[in-house]
Amino acid sequence: MNYKDYYEVLGVPKSATEKDVKSAYRKLARKWHPDANPKNAKAAEEKFKEIAEAYEVLGDPEKRKKYDALGADWQRASQQAAEQRRYRAQSGGEESFTFDEGSGFSDFFDSFFSGIGRRQTPTANFARRGRDLETTIDLTLPEAYKGGKKSVQLQIDDVCPRCHGSGVVDNQICPVCGGTGRQLQTKRFEVTIPTGVRDGQRIRLTGQGGSGSGGGPNGDLYLIAHLVGDDRFDRRGDDLYVDLPVGIYNLVLGGEVRVPTMTGDVTMTIPPGTQNNKLLRLAGKGMPKSKGGNGDQYVRLIGMLPEHLSAKELELFRELAKVSDR
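Residues numbered from 1 in each chain as written. Predicted model: local features only at pLDDT ≥ 70, side-chain atom pairs only at ≥ 80, totals over all residues. Heavy atoms only, no water.

Novice: What's the story with the side chain of arginine 235 in this structure? I'm lost.
Specialist: Tracing the sequence through the fold places arginine 235 in strand E8 (residues 234-236). For arginine 235, the side chain forms a polar contact with the main-chain oxygen of glycine 237, separated by 2.8 Å. Setting aside residues up to four positions removed in sequence, arginine 235 forms contacts with Leu141, Ala144, Gly196, Val197, Arg198, Leu227, Leu240 and Met287. (Helix = DSSP H or I, 4+ residues; strand = E, 2+ residues; numbered from the N terminus. Polar contact = N/O pair within 3.5 Å; in protein donor to acceptor, adjacent residues only side chain to side chain. Contact = heavy atoms within 4.5 Å.)

Novice: Help me out: how do you make sense of unusual backbone geometry in this one?
Specialist: Where the residue is not glycine, phi is negative for most of them; where a peptide bond is considered, it is trans in most cases. Located in the positive-phi region is asparagine 277, a residue other than glycine, with phi close to 70 degrees. Examined against the element boundaries, asparagine 277 turns out to sit in the loop between strand E11 (266-270) and strand E12 (279-282). Among the residues examined, asparagine 277 registers a relative accessible area of 40% and is labelled partly exposed. The backbone of histidine 308 shows a phi angle near 55 degrees, a positive value even though the residue is not glycine. Checked against the element boundaries, histidine 308 lands in the loop between strand E13 (297-304) and helix H9 (311-325). Owing to a relative accessible area of 78%, histidine 308 belongs among the exposed residues under this scheme. (Buried < 20%, exposed > 50% of the residue type's maximum accessible area, 1.4 Å probe, protein only.)

Novice: Can you help me understand the nonpolar core in this one?
Specialist: A general feature of soluble globular proteins is that nonpolar side chains tend to end up buried together. Grouped together as the largest cluster of nonpolar side chains are 36 residues, with contacts concentrated most on Met268 and Leu301. Excluding its chain neighbours within four sequence positions, the residues that come into contact with leucine 301 are Leu244, Val246, Leu251, Met268, Ile270, Thr274, Asn276, Asn277, Lys278 and Leu280. Counting 19 residues, the second largest nonpolar core, distinct from the first, contains Val12, Ala24, Leu28 and Ala29. (Core = buried A, V, L, I, M, F, W, Y, C linked by side-chain atoms within 4.5 Å.)

Novice: Can you help me understand the sheet that holds E8 in this one?
Specialist: Either a parallel or an antiparallel arrangement is found when strands of a sheet pair, and the pairing is made through backbone hydrogen bonds. Taken in spatial order, the 4 strands of this open sheet run E8-E9-E13-E12, and their pairing is mixed. The strands lining the two open edges of the sheet, one partner per strand, are E8 and E12. Taken pair by pair, the neighbouring strands of this sheet meet at an average axis angle of 35 degrees, ignoring direction. Note that strand E9 (residues 239-247) and E13 share 8 bridges and pair parallel. Counterpart to leucine 244 in the pairing with E13 is leucine 301. (Pairing = 2+ DSSP bridges. Axes fitted to C-alpha atoms, helices over the stretch in contact; angles between N-to-C directions.)

Novice: Mind showing me how you'd approach the side chain of threonine 261 here?
Specialist: Checked against the element boundaries, threonine 261 lands in the loop between strand E10 (255-259) and E11. Owing to a relative accessible area of 4%, threonine 261 belongs among the buried residues under this scheme. Among the polar contacts listed, one links the side chain of threonine 261 to the backbone oxygen of glycine 264, at a separation of 2.4 Å. For threonine 261, the residues in contact, after removing those within four places along its chain, are Arg232, Phe233, Val266, Leu282, Lys285 and Gln297.

Novice: Which parts of the structure should I look at to understand the packing of aromatic side chains?
Specialist: Aromatic ring pairs are reported here in terms of the distance separating the ring centres and the angle at which the planes meet. Within the structure shown, the criterion is met by 2 aromatic pairs. Look at tyrosine 241 and tyrosine 298: their rings are 5.1 Å apart centre to centre, the planes differ by 20 degrees, and that puts the pair in the stacked class. Highlighted residues: tyrosine 241 in strand E9 and tyrosine 298 in strand E13, separated in sequence by 57 residues. According to the relative accessible area criterion, tyrosine 241 is buried, its value standing at 18%. The ring of tyrosine 222 carries the charged tip of arginine 202 above its face, separated from the ring centre by 4.1 Å. (Phe/Tyr/Trp six-rings, centres within 6.5 Å; stacked < 30°, edge-to-face > 60°. Lys NZ or Arg CZ within 6 Å of the ring centre and 35° of its normal.)

Novice: Got a minute to help me understand a nonpolar patch on the surface in this structure?
Specialist: A surface patch of nonpolar side chains, about 510 Å² in accessible area, is lined by Tyr249, Val252, Leu253, Phe317 and Leu320. Of all the elements in the fold, those that place two or more residues in the nonpolar patch are helix H8 (248-253) and H9. Here the nonpolar patch gets 3 residues from one element, more than from any other, and that element is H8. Relative to the helices and strands, leucine 253 is located in helix H8. For leucine 253, a relative accessible area of 63% gives the class exposed. (Patch = residues over 30% accessible without salt bridge, like charges linked within 9 Å, V, L, I, M, F, W, Y side chains within 5 Å. Areas by Shrake-Rupley, 256 points an atom, 1.4 Å probe, with all protein chains shown as cover. Salt bridge = Lys/Arg side-chain N within 4 Å of Asp/Glu carboxyl O.)

Shown next as structure tokens:
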């Protein structure tokens, strides 16, 4: 197994800040997510796993520190750690090894790379909460307006079910996760969408994140709402905007017109002498607010000139033009 340069995988320098690492991971994860590459899903999944594995190391300050300290010498240290484990098993000793910069083994691999020598007893001293995970969920405007239950299927980078995160099975590199202790798993969730959810809003699923270890609790899963564009409505905060084509007769003479809203068409009255592009407000017809009530809907009136005028109509317009010029 060759040494993996996780900095190269994420495309960041070794001096990259935690923020830079997270930003690079999010960008690459979106690009290589299998759902975003349906024509090349298999290759995308492998690339996605590699990216997730790199972030698992570089996104954790403690693991990153150990990774930087050991570097490309990981294989020799892993072998030495395995020899130490066999020695302790044969002698029945319980001595613990601490990470030593000169020897370059034990705690680093016991706890992360291969898990060799890691105690599996789930005592309180080793209990660890699972990682919080974050991904996006696409929502239409009607879904955001109504809220309610939505079934979603997501691929989650979680603890390997074969080795339970240790990276090894019977003192061998786990054949399922390749020794990373992590595996991309497909899970289905029932999500409660808040009414009026905004673009970028976080929806928390308690205990649905990464699996805990040593008896520790699971982390949480955060879904970031992404509102896809709507053909009719433009959302601005809690207000909605819609363009409504109307005849010039409606603008000049006034009258009633039907207007689409999120709850169905309603009748709106246009005052006589209304100018083109005028905004009229429908109170309470916008998006639901988090603290109760609704925003407003604004209707932009787009005056439409009549087409294929008859001779009579043209004559009437000429008469109107003469009257207007006086």
